[in-house]
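Chain by chain, the residues run as shown.
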Amino acid sequence: LHASAVLDPGAVVAPVSRRTFGSFVEHMGRSVYTGIYEPDHPSADEDGFRTDVLRLTRELGVTMVRYPGGNFVSGYRWEDGVGPRDRRPRRRDLAWHSVETNQVGIDEFARWAAKADVEIMYAVNLGTRGVQEALDVHEYVNHPEGTALSELRRANGAAKPYGIALWCLGNEMDGPWQTGHKTAQEYGLLAASTARALRSAEPGLELVACGSSSSAMPTFGTWEATVLEHAYDLVDYVSCHAYYEELDGDLGSFLASAVDMDHFVNSIVATADSVGARLRSKKKINLSFDEWNVWYLSRFQGQEPATGWDVAPRVIEDEYNVADAVVVGDLLISLLRHSDRVTAACQAQLVNVIAPIRTEPGGPAWRQTIFHPFAKTAALARGDVLRTRLTSPTYGTARHGEVPVVDAIATHDAETGEVVVFAVNRDQSDAVELTVDLHLFAERLRLAEACTLTDGDLTATNTLDNPDRVVPRPNERANADGDELTVVLPRVSWNAIRLT
Ligand code: AHR
């Protein structure tokens, strides 16, 4: 099989947004407790954070972390998690039917985020709470000093405000499973009044209104239109959430999940722009794809709901294989392709819960297969995203119709001259030779690095006993002669090729 692409340094989609490489820590399962935080662990630092997880978080290249939920946030009282730890209440978490000990709250998380060198994206509870509580947590975290809640923060050890810029106005409020679920009309009004109040406290905040929980929601599209009709001038982003899995043994459709993500983004951009047109607004609403990943959701939905009210139970600790990693790499290609409108994104989640990093309590931390395409893309995507004109053979899928075998995107750093091509081959039996026309670049580009993630066994995983079973390996079948790059993409593979 053969595919080709033409790259033009003048055909810029947008600069790579560093916020594309966001992640998510929810008070759910073992994401916080025995994930990022485990005071008794041999690697724990003076604050009780696992330094092995901190090291892997930095290696992953995460730039921003959404916190504290997720479905959890819709029943959360942020003030439970501040002040002396021995006085913090234990509460029921209705979202995951577990007990929240509140031993980690916003002060601890802010300390962890500083150590991990990530920006915090903070979600407020608009499920069981409203404008006042959103203002209160904002006063606690961002108001400098001299008011009750800013002084409480200072008394709790944080003299300086945290300066959190990006705020989610609730979580998945379109979902009937959400505590305090609302209609689009109800939520749109609440999001608008919360945004208005937060902006009058701090005009420069960046605010994210809840969009659809998935493109399969019956209100997909109409939800966003109604919410934005109320909140267009008051928010900067609308959120998108999407999880993908192989269903009914249909690997071909699963490998083309990025086609659905493209469709999701294009649909919501069109919806937001049409509201803008009706309002005669020059402003553009961007997309925050703040939950995306592979998640074997149907297996989770098939289980009995937890009833044990345990602390930090094992919940959705999915083990990822080679095909999952190829899909994750392709979803990142899709996000980069839409960098002009998707300027923030969070892979859900970071540790243990549908996550690139796994841990055992008291034991090691390791990289799942999906860790690798994320880490490589975060490390290599620099400068501008280039519109990538691709010609590829196609194949038929049950879920997405006829789709290209090859998907690809490229970035170009005008300062260093470096070009990076990210490409996947979705074909299940054949390699594809990809040629990339480089003659429009002033520099004669040479191959600096080519790596590929694939395996003879697409179901291979990284486990506690064999944590490096699946890793990217050098691709020896890549060549660049200045005018053209040629690379052989093995069947079902994710690839990154760096040219200097
Ligand atoms: O990431 C897991 C859950 O998925 C989140 O809590 C929720 O927002 C989504 O449905």
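The rules we used
Residues numbered from 1 in each chain as written. Predicted model: local features only at pLDDT ≥ 70, side-chain atom pairs only at ≥ 80, totals over all residues. UniProt positions renumbered as here; feature names shortened; annotations may be inferred. Helix = DSSP H or I, 4+ residues; strand = E, 2+ residues; numbered from the N terminus. Near = placed C-beta within 6 Å. Nonpolar A, V, L, I, M, F, W, Y, C, P; charged D, E, K, R; others polar. Buried ≥ 20, exposed ≤ 12 C-beta atoms within 10 Å, placed from the backbone. Contact = placed C-beta atoms within 7 Å. pLDDT = per-residue confidence, 0-100. Arc of directions from axis to C-beta. Pairing = 2+ DSSP bridges.

When the UniProt feature table is mapped onto this chain, "domain: Alpha-L-arabinofuranosidase C-terminal" (unreviewed entry) is found at residues 290-493. This span, residues 290-493, is 15% helix and 35% strand, and a straight line between its end C-alpha atoms measures 25 Å.

Further remarks concern the site of the ligand. Taken together, the residues surrounding the ligand are Glu-26, Gly-69, Gly-70, Asn-71, Asn-171, Glu-172, Ser-213, Glu-291, Ala-348 and Gln-349. When grouped by side-chain class, the residues that make up the shell around the ligand number 1 nonpolar, 6 polar and 3 charged.

Glancing now at the environment of Phe-422. Take Phe-422: it is sitting in strand 21 (residues 419-425). Residue class for Phe-422 comes out buried when judged on the 25 C-beta atoms lying within 10 Å of it. Taking the C-alpha atoms as reference, Phe-422 lies 7.6 Å from Trp-494; in sequence the two are 72 residues apart. With near-sequence residues (within four places) excluded, Phe-422 lies in contact with Gly-329, Ile-333, Thr-377, Ala-408, Ile-409 and Ala-496.

What follows concerns the confidence of the model for the chain. On average, the chain scores 97 in pLDDT, and the residues at 70 or more come to 100%. Across the predicted assembly, pTM comes out at 0.98 and ipTM at 0.99.

We now examine helix 6 (residues 222-231). All of the buried residues in helix 6 are Trp-223, Glu-224, Val-227, Leu-228, His-230 and Ala-231. Viewed end-on, helix 6 has its buried residues packed into an arc of 155°, placing them on one side of the element.

Our focus in this paragraph is unusual backbone geometry. Note on backbone geometry: most residues besides glycine have negative phi, and most peptide bonds are trans. A cis amide bond links Gly-69 with the next residue in sequence, Gly-70, at an omega value of 15°. Tracing the sequence through the fold places Gly-70 in the loop between strand 4 (64-67) and strand 5 (91-93). Between Ala-348 and Gln-349 the backbone carries a cis peptide bond, its omega angle lying at 0°. If you trace the backbone, Gln-349 turns up in the loop between strand 13 (342-347) and strand 14 (357-359). Despite not being glycine, Asp-117 shows a phi value in the positive range, around 60°. Tracing the chain through its elements places Asp-117 in the loop between helix 2 (106-116) and strand 7 (119-124). Phi is positive for Glu-172, close to 40°, though the residue is something other than glycine.

Another point: the pairing of strand 23 (residues 447-453). Here strand 23 runs beside strand 27 (residues 493-499); their pairing, made up of 6 bridges, is antiparallel. Its bridge partner being in strand 27, Leu-453 is matched across the sheet by Trp-494.

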